[in-house]
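Examination of the molecular architecture
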Amino acid sequence: ISTFDGMTYRHLMKKLNHEDSLPKTAQRIVLTQDLYERFQISQLVTKRDDFRVIQILFNKNHKLQKSVVMEQETEMPRSIQVVQHTRDQKITVFVDGKEIDMPFTMTLSGNGRVVLRLKLERDVETTEQYVRIDMPIMGIFIKTNPILFTRTRLTPNHRGEVRGICGDYDNEKIVDLKTRDCRSVFYRPEQIFTTEDQYVQNVDLRSTDLEDVLECRQFQQFLRLDRCHANKSFTLVKKFVD
């Protein structure tokens, strides 16, 4: 994984063997979330790993800053979910729970400015398909093949206002992976899955059916994140999984 600030570390989730710390059915890994709970980008993985999902949530209850969005009310979806089945590699996209065909575009009714653009593209080198998600008003740009990769780019107005396993985007690598309360940093990145301040949300679902995972309310929740203050000191979280 490479963070927004350029720190690179190994994703060791698959090496965790403690069953008590692993979800019984599915889990959500928050890649990045806005501190104001305006948006959240996460990955959903089932224990059987029969499909993977990249999910983007938007919170319509929070007013977006003028630096991010125009003064008029923005017509944003509540959720975007890119689903890829591991068996046949098929990619399906849902907007607000409804399957859509690509290319797909949402615009503001007032002036036609693009809010969301979804397009299926193919990598020139690997020939693998991926979904390109452009949200220019929000300043979010994503390329994802949920099984192979997810590349997220945020515009500079989000700097220092996000947190997750992709870092805090504050141009500082040393304390890039902060806990939710911003009082400590991760000594080893895999602690994101094992510490008390873990980003992973474990749930018991009735099954691993796609519909159950996408509709699970726990997967639709934002995390509570505290802002970091300039004078706040940090403590390294040193406990790690053997």
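The structure this text deals with has already been given above.
Report follows, based on the coordinates. (Residues numbered from 1 in each chain as written. Predicted model: local features only at pLDDT ≥ 70, side-chain atom pairs only at ≥ 80, totals over all residues. Heavy atoms only, no water.)

Along its length, the protein carries 1 helix and 15 strands. Within the protein, the proportion of its 242 residues that are buried is 50%. When contacts within the protein are restricted to residue pairs at least 6 apart in sequence, those whose partners lie at least 24 apart make up 53%. Accessible surface computed for the protein: about 13300 Å², of which carbon and sulfur atoms make up 45%. (Helix = DSSP H or I, 4+ residues; strand = E, 2+ residues; numbered from the N terminus. Buried < 20%, exposed > 50% of the residue type's maximum accessible area, 1.4 Å probe, protein only. Contact = heavy atoms within 4.5 Å. Areas by Shrake-Rupley, 256 points an atom, 1.4 Å probe, with all protein chains shown as cover.)

The topology assignment puts Gln 81 in strand S4 (residues 79-85). A distance of 2.9 Å separates the side chain of Gln 81 from the side chain of Gln 55, its partner in a polar contact. The contacts of Gln 81, once residues within four sequence positions are left out, are Val 53, Ile 54, Gln 55, Thr 92, Val 93, Phe 94, Leu 214 and Gln 220. (Polar contact = N/O pair within 3.5 Å; in protein donor to acceptor, adjacent residues only side chain to side chain.)

Assignment of secondary structure puts Asp 88 in the loop between S4 and strand S5 (91-95). Distance from Asp 88 to Phe 51, taken between C-alpha atoms, is 9.8 Å for residues 37 residues apart in sequence.

Our next topic: the sheet that holds strand S8 (residues 114-122). Ordered by their spatial adjacency, 5 strands build an open sheet running S7-S8-S9-S10-S11, and the pairing between neighbours is antiparallel. Edge positions in the sheet fall to strand S7 (104-107) and strand S11 (149-154), since each of these pairs with one other strand and no more. Within this sheet the neighbouring strands show an average axis-to-axis angle of 10°, counted without direction. (Pairing = 2+ DSSP bridges. Axes fitted to C-alpha atoms, helices over the stretch in contact; angles between N-to-C directions.)

Mapped onto the fold, Ser 42 is located in strand S2 (residues 39-46). Not counting chain neighbours up to four residues away, the residues in contact with Ser 42 comprise Arg 28, Ile 29, Val 30, Leu 31, Val 53, Ile 54 and Gln 55.

This part is about the pattern of salt bridges. Going through the model one piece at a time under the given rule, you end up with 7 salt bridges. In this structure, Arg 38 and Glu 161 form a salt bridge, with 3.1 Å as the shortest nitrogen-oxygen distance. Here Arg 38, found in the loop between strand S1 (26-34) and S2, pairs with Glu 161, found in the loop between S11 and strand S12 (162-163); they are 123 residues apart in sequence, far enough to count as distant. For the salt bridge of Lys 178 with Asp 168, the shortest nitrogen-to-oxygen distance reads 2.0 Å. Taken together, the residues Lys 178 in the loop between S12 and strand S13 (184-186) and Asp 168 in the loop between S12 and S13 connect sequence positions 10 residues apart. Members of the salt-bridge network, linked through shared partners, are Lys 119, Glu 121, Arg 132 and Asp 134. (Salt bridge = Lys/Arg side-chain N within 4 Å of Asp/Glu carboxyl O.)

In terms of burial, strand S3 (residues 51-58) is largely enclosed, as 8 of its 8 residues are buried. Both faces of S3 are covered, namely the face carrying Phe 51, Val 53, Gln 55 and Leu 57 and the face carrying Arg 52, Ile 54, Ile 56 and Phe 58. When S2 meets S3, the two strands line up antiparallel, connected through 7 bridges. Looking at S3, one finds that Ser 42 is bridged to Gln 55. Across 7 bridges, the pairing between S3 and S4 is antiparallel.

The values reported here are purely geometric and, on their own, carry no functional implication.
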